[in-house]
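Chain and residue survey
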Amino acid sequence: METPNAPNSEAPPTVTDSPAELSQRLAGLLARIAGGDQAAFAQFYQLTSRRVFGMARRVLIDPELSEDTTQEVFLQVWQNAGKFNPDMGSPLSWLMTISHRRAVDKVRSSQSATDREARYGASSQDVDHDSVSDEVDTRLEAEAVVRCLDTLTDTQQESVRLAYYGGLTYREVAEKLNAAVPTIKSRIRDGLIRLKTCLGVS
């Protein structure tokens, strides 16, 4: 079964269904997705993607990792919609369980990679180097950056993280956040000014 492209979620529909109606609607969409209905998948995605991204963001913090995790969750939905059992809970409960597991797996995977890099870095240190002192300094610097990032607005944080941690261009950041390039440039410029002030960098 070929996985469809992720639907465009620039303008998600406003959901006015009651919880019971939404649950029934999502269950119906899952049944259609199990049969390979891409239109049903698009509707399901638009109705639930913000919830999934929100769950991933709470666990992972990093917006880019959260986006990757969201896409992985919906790939799993596309592939395993037929496994949903309404007797075991609501569609949203099923979806949020998948989302939480994926996010936690991503944290563990990232931590394992970080640990491997740390071990490699330690083993390749020059003998004359004070590795303990360097590690403390690096950690303090990282903690200072994290603290200062928290002083930015949510939109500034997201833009700065995508540009400097994600390595994206202004245009790529603008496309990801559905904003104009000048707006993104302004957010990043203002965010960097606030970061420099917080870190005491002239």
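Quick summary incoming for the structure in this document. (Residues numbered from 1 in each chain as written. Predicted model: local features only at pLDDT ≥ 70, side-chain atom pairs only at ≥ 80, totals over all residues. Heavy atoms only, no water.)

1. Topic: the environment of Thr-169
Inclusion rule: Secondary structure elements follow DSSP: runs of H or I of four or more residues count as helices, runs of E of two or more count as strands, with numbering from the N terminus. Using a 1.4 Å probe on the protein chains alone, a residue whose accessible area is under 20% of its type maximum counts as buried, one over 50% counts as exposed, and one in between counts as partly exposed.
With respect to the secondary-structure elements, Thr-169 resides in the loop between α6 (154–165) and α7 (170–177). For Thr-169, a relative accessible area of 42% puts it in the partly exposed group. The sequence separation of Thr-169 and Val-181 amounts to twelve residues, and the corresponding C-alpha distance is 9.8 Å.

2. Some details on the packing of helix α2 (residues 38–60) against helix α3 (residues 63–80)
Operational definition: Only the stretch in contact is used when a helix axis is fitted, and all axes are lines through C-alpha atoms; the angle between N-to-C directions ranges over 0 to 180 degrees. An angle counts as roughly parallel when it lies under 35 degrees, as roughly antiparallel when it exceeds 145, as roughly perpendicular when it falls between 65 and 115, and as oblique in every other case. Handedness of each helix crossing follows the sense of rotation of the near helix against the far helix: counterclockwise by less than a right angle gives left-handed, clockwise gives right-handed. In what follows, residue pairs with any heavy atoms lying within 4.5 Å of each other are defined as contacts. Three classes are used, and their members are as follows: Ala, Val, Leu, Ile, Met, Phe, Trp, Tyr, Cys and Pro are nonpolar, Asp, Glu, Lys and Arg are charged, and the others, Gly among them, are polar.
With their axes 8 Å apart at the nearest point, α2 and α3 run at an angle of 140° to one another. It follows that α2 is oblique to α3 by the angle criterion. α3 is crossed by α2, and the crossing has right-handed handedness. Of the residues in α3, those in contact with Gln-38, Phe-41, Phe-44, Tyr-45, Thr-48, Ser-49, Val-52, Phe-53, Ala-56, Arg-57 and Leu-60 of α2 are Pro-63, Leu-65, Ser-66, Glu-67, Thr-69, Thr-70, Gln-71, Val-73, Phe-74, Val-77 and Trp-78. Across the contact of α2 with α3, the residue classes tally to 13 nonpolar, seven polar and two charged.

3. Let's talk about the packing of aromatic side chains
The test is simple: Side-chain rings of Phe, Tyr and Trp (the six-membered ring for Trp) are treated as a pair once their centres are within 6.5 Å; stacked means planes under 30 degrees apart, edge-to-face means over 60, and tilted covers the remaining angles.
Scanning all chains against the criterion turns up five aromatic pairs. Ring plane angle 85° and centroid distance 6.4 Å describe the contact between Phe-41 and Phe-74, whose orientation is recorded as edge-to-face. Highlighted residues: Phe-41 in helix α2 and Phe-74 in helix α3, separated in sequence by 33 residues. With respect to class, Phe-41 is no different from Phe-74; both count as buried. Relative to Trp-78, the ring of Phe-41 has its centre 5.3 Å away and its plane inclined at 75°; by these criteria the two rings are edge-to-face. Pair noted here: Phe-41 is in helix α2 and Trp-78 is in helix α3, with a separation of 37 residues, a long-range link. Trp-78 carries the same exposure label as Phe-41, and that label is buried. Ring pairing ties together the aromatic residues Phe-41, Phe-44, Tyr-45, Phe-74 and Trp-78, which thus form one cluster.

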